[in-house]
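# Coordinate inspection notes
Letter by letter, the chains look like this.
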Amino acid sequence: MANAAPLIVILAAGKGTRMKSALPKVLHKVAGRSMLGHVLALATTVPGAEIAVVVGPGMDEVRNEVGRIAPAADVFVQERQAGTADAVLAARAALERHGGDVIVLYADTPLIEARTLQSLQAALDAGAGVAVLGFQAKDPTGYGRLITVGGNTLLAIREHKDSSPEERKITLCNSGVLAFRVPDLLGVLGGIGNANAKGEYYLTDAIEIARSSGARASVVRCPEDEVIGVNSRSQLAVAERIWQDRARQKIMLEGVTLIAPETVFLSYDTVLGRDVTVEPHVVFGTGVTVADGVDIKAFCHLEGATIGANARVGPYARLRPGAALGPDVHIGNFVEVKNVAVGSGAKANHLAYLGDGTVGAGANIGAGTIFCNYDGFFKHKTEIGAGAFIGSNSSLIAPVKIGDGAYIGSGSVITKDVAADALAIERSAQEERPEWAAKFRAVMARRKAAKT
Ligand code: UD1
Ligand code: MG
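The structure displayed is predicted, hence computed values, not measured ones.

### Focus: the overall build of the protein chain
For the protein chain, the helix and strand inventory stands at ten helices and 34 strands. Its C-alpha atoms give the protein chain a radius of gyration of 31 Å, clearly above 22 Å, the size a compact globule of 452 residues would have. C-alpha extents for the protein chain along the principal axes are approximately 105 × 60 × 40 Å. Taken over 452 residues, the protein chain has a buried fraction of 47%. The contacts in the protein chain between residues at least 6 apart in sequence include a share of 43% that link residues at least 24 apart. Each charge class in the protein chain was averaged separately, 47 positive and 46 negative side chains, and the resulting centres sit 7 Å apart.

### A few points about the side chain of Arg145
Here Arg145 shows up in strand E8 (residues 145-149). Summary of buried charges: Arg145 has no salt-bridge partner, and the nearest side chain of opposite charge, Asp139, is 6.6 Å away. A polar contact is formed between the side chain of Arg145 and the backbone oxygen of Arg168, at a distance of 3.0 Å. Within the local environment of Arg145, its side chain forms a polar contact with the backbone oxygen of Ile170, the two atoms lying 2.9 Å apart. Excluding its chain neighbours within four sequence positions, the residues that come into contact with Arg145 are Pro140, Ala156, Ile157, Arg158, His160, Glu167, Arg168, Ile170, Leu172 and Cys173.

### A few points about the domain arrangement of the protein chain
For interface size, the figure often reported is the accessible area lost on association. When cut into domains, the protein chain gives domain 1 (7-227) and domain 2 (234-424). For domain 1 versus domain 2, the separation of C-alpha centres amounts to 44 Å. The partner domain 2 presents eleven residues to the 13 residues of domain 1 that form the contact. Summing the contributions of domain 1 and of domain 2, the shared interface buries around 1000 Å²; its carbon and sulfur component is 66%. It is Val30, Ala31 and Leu111 in domain 1 that bury the most area against domain 2; as a group they hold 47% of the surface buried on that side.

### Looking at the packing of helix H1 (residues 35-43) against helix H2 (residues 60-69)
Running from N to C, H1 and H2 cross one another at 35 degrees; their axes reach a closest spacing of 10 Å. Considering the relative orientation of H1 and H2, their crossing is right-handed. Across from Leu36, Gly37, Leu40 and Ala41 in H1, the residues of H2 making contact are Val62, Glu65, Val66 and Ile69. Its residues placed into classes, the contact of H1 with H2 shows six nonpolar, one polar and one charged.

### Some details on the nonpolar core
Ranked by size, the top nonpolar core spans 61 residues in total, and within it Phe284, Ile307, Leu319 and Ile402 carry the most contacts. Of all the secondary-structure elements, those providing two or more residues to this core are helix H9 (233-253), strand E16 (282-284), strand E24 (330-342), strand E25 (347-359) and strand E31 (400-402). Structurally, this core is a two-domain feature, drawing no fewer than three residues from each of domain 1 (7-227) and domain 2 (234-424). Ile307 has contacts with Thr289, Val290, Ala291, Val294, Ile296, Leu302, Val313, Leu319 and Leu325, leaving out every residue within four places of it along the chain.

### Considering the site of ligand 1
Taken together, 19 residues lie near ligand 1, and Gly14, Gln78, Thr84, Glu159 and Asn174 sit nearest. For ligand 1, whose unbound accessible area comes to 750 Å², protein coverage reaches 87%. Contributing elements (two or more residues each) for the shell around ligand 1: helix H3 (84-89) and strand E10 (172-180). By residue class, the composition of the shell around ligand 1 is seven nonpolar, nine polar and three charged.

### Details of the pairing of strand E11 (residues 217-221)
The buried count for E11 comes to four of five residues, which makes it a mostly enclosed element. Bridge analysis of strand E7 (residues 130-136) against E11 gives five bridges, and the strand direction is parallel. Each bridged residue has a counterpart across the sheet, and for Val130 the counterpart in E11 is Ala217.

### Focus: the pattern of salt bridges
Applying the stated criterion across every chain yields a total of 19 salt bridges. Residue Arg92 is joined to Glu96 by a salt bridge in which the shortest nitrogen-to-oxygen separation is 3.8 Å. Within this pair, Arg92 and its partner Glu96 are both found in helix H4 (residues 92-98), separated by four residues, close to a single helical turn. Judged by its relative accessible area of 37%, Arg92 falls in the partly exposed class. The shortest N-O distance in the salt bridge between Asp245 and Arg248 comes to 2.9 Å.

### Remarks on the packing of aromatic side chains
Note on aromatic pairs: each is described by the distance of the centres and the angle between the planes. In the structure shown here, the tally under the stated rule is five aromatic pairs. A ring pair is formed by Phe135 and Tyr143, whose centres lie 5.0 Å apart and whose planes are at 85 degrees; its orientation type is edge-to-face. Classification of Phe135 by relative accessible area gives buried; the value is 1%. What makes Tyr143 partly exposed here is its relative accessible area of 26%. Aromatic pair Phe389 and Tyr407: ring centres 4.6 Å apart, planes at 15 degrees, arrangement stacked. Taken together, the residues Phe389 in strand E29 (residues 389-390) and Tyr407 in strand E32 (residues 407-408) connect sequence positions 18 residues apart.

Reading the values: the criteria
- Residues numbered from 1 in each chain as written.
- Chains lettered and ligands numbered in written order.
- Predicted model: local features only at pLDDT ≥ 70, side-chain atom pairs only at ≥ 80, totals over all residues.
- Heavy atoms only, no water.
- Helix = DSSP H or I, 4+ residues; strand = E, 2+ residues; numbered from the N terminus.
- Rg over C-alpha atoms; globule rule 2.2 N^0.38 Å.
- Buried < 20%, exposed > 50% of the residue type's maximum accessible area, 1.4 Å probe, protein only.
- Contact = heavy atoms within 4.5 Å.
- Lys, Arg positive; Asp, Glu negative; His and termini not counted.
- Charge placed at Lys NZ, Arg CZ, Asp CG, Glu CD.
- Salt bridge = Lys/Arg side-chain N within 4 Å of Asp/Glu carboxyl O.
- Polar contact = N/O pair within 3.5 Å; in protein donor to acceptor, adjacent residues only side chain to side chain.
- Domains from an automatic or database assignment.
- Buried area = accessible area lost by both parts, 1.4 Å probe.
- Axes fitted to C-alpha atoms, helices over the stretch in contact; angles between N-to-C directions.
- Left-handed = near helix turned anticlockwise from the far one by under 90°.
- Nonpolar A, V, L, I, M, F, W, Y, C, P; charged D, E, K, R; others polar.
- Core = buried A, V, L, I, M, F, W, Y, C linked by side-chain atoms within 4.5 Å.
- Near = heavy atom within 4 Å.
- Areas by Shrake-Rupley, 256 points an atom, 1.4 Å probe, with all protein chains shown as cover.
- Pairing = 2+ DSSP bridges.
- Phe/Tyr/Trp six-rings, centres within 6.5 Å; stacked < 30°, edge-to-face > 60°.

This is the structure in structure tokens:
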């Protein structure tokens, strides 16, 4: 019996020469995730779907990315890039085994939304044997044109290079995404030849072949923004812009204030709570989770960090992977935090480096405090107890523990553990010479006068 859930075939075998990159095209990132990753994530939203990814020979990095994001997916190698139909046939074993609906996605088309895939499936449920995702192109050059009658009935797809001047006037174009529900898909694909301008096996020829065997073909439309294909770095930047605009709108709808949305950059996995305010020029790298009521002031860079409720971060703060701020924490300007859990209500308001360790609840880290965590070979931990006070410009040489409620005198270089509630101070005694400065000035002024 044919499978009820579809088989999704993702084409990723292209070399992407126009990217001018050592990295395969589909591994270039949008919002911190590879384009292939976005498409795999979309595919996994389809309940029960089987996923097959077609890669080029030797694309081990692409294979690894599939393994990380969709471990259950099958990977097939297309030995020679002979066209999109040939690429789908590279997954022949999956097509034979599955036998149900097949959806084809391109790994370089990362912005398609789940509901658009659902409407493609709905077209199959409504009786289409082939459903093609089409869009009105502002500039149709290069795209396959959709030849239709009566609006959404599709007769054929004509590739740009093979189309007549009349056909080139058509602006309804093929996104590349299509879905099949035909009894003999392998027969249809096997019937595709390569007598065309590029000498390739065009998947788009499947429309006419399927129609000739009695299937109905229809067009499902979506906005052009969703189906932008990335072939160059400038198109990658366009995809990024579209993704960011969409994500900014979404988080504002969910209760986040962005004062200047166009200056805030999010990642695919950024999580922001309600009543979070993000000031201008903030970059969220991957892995950031922010609880409700947090204020993120201007010019912060955050990555791999969690921020507790009502905390305040920035301006000009840098949170690196493993920064875990509790509720009500304040991290101020020019403070860098890496791999440190900061307890609730603790403060590091100015000019500090907190790397590898813990800061207890309510502790106060003075300006200029440095966790000296690295000896050139190993990283060590600095542990600061609850309510401790670290005076300004202190160097804490890790490994070191500062007890709860302890006090570190400003300017100290602390190399040994400090007991709870103790004062540790490490600096030479202050010396004072009465009238020294006045005498010094007088001597120097006389010398200068003698010279000129
Ligand atoms: C294709 C469509 C065109 C559509 C356009 C949308 C065909 C024949 N044409 O053209 O109608 O308007 O996409 O962007 O399908 N690939 C392989 N192996 C191959 C060839 C391609 O895996 O042998 C993969 C590529 O990596 C890419 C996708 O298939 O992800 C599309 O291939 P591409 O050469 O970019 O097709 P277009 O000429 O853009
Ligand atoms: Mg293309």
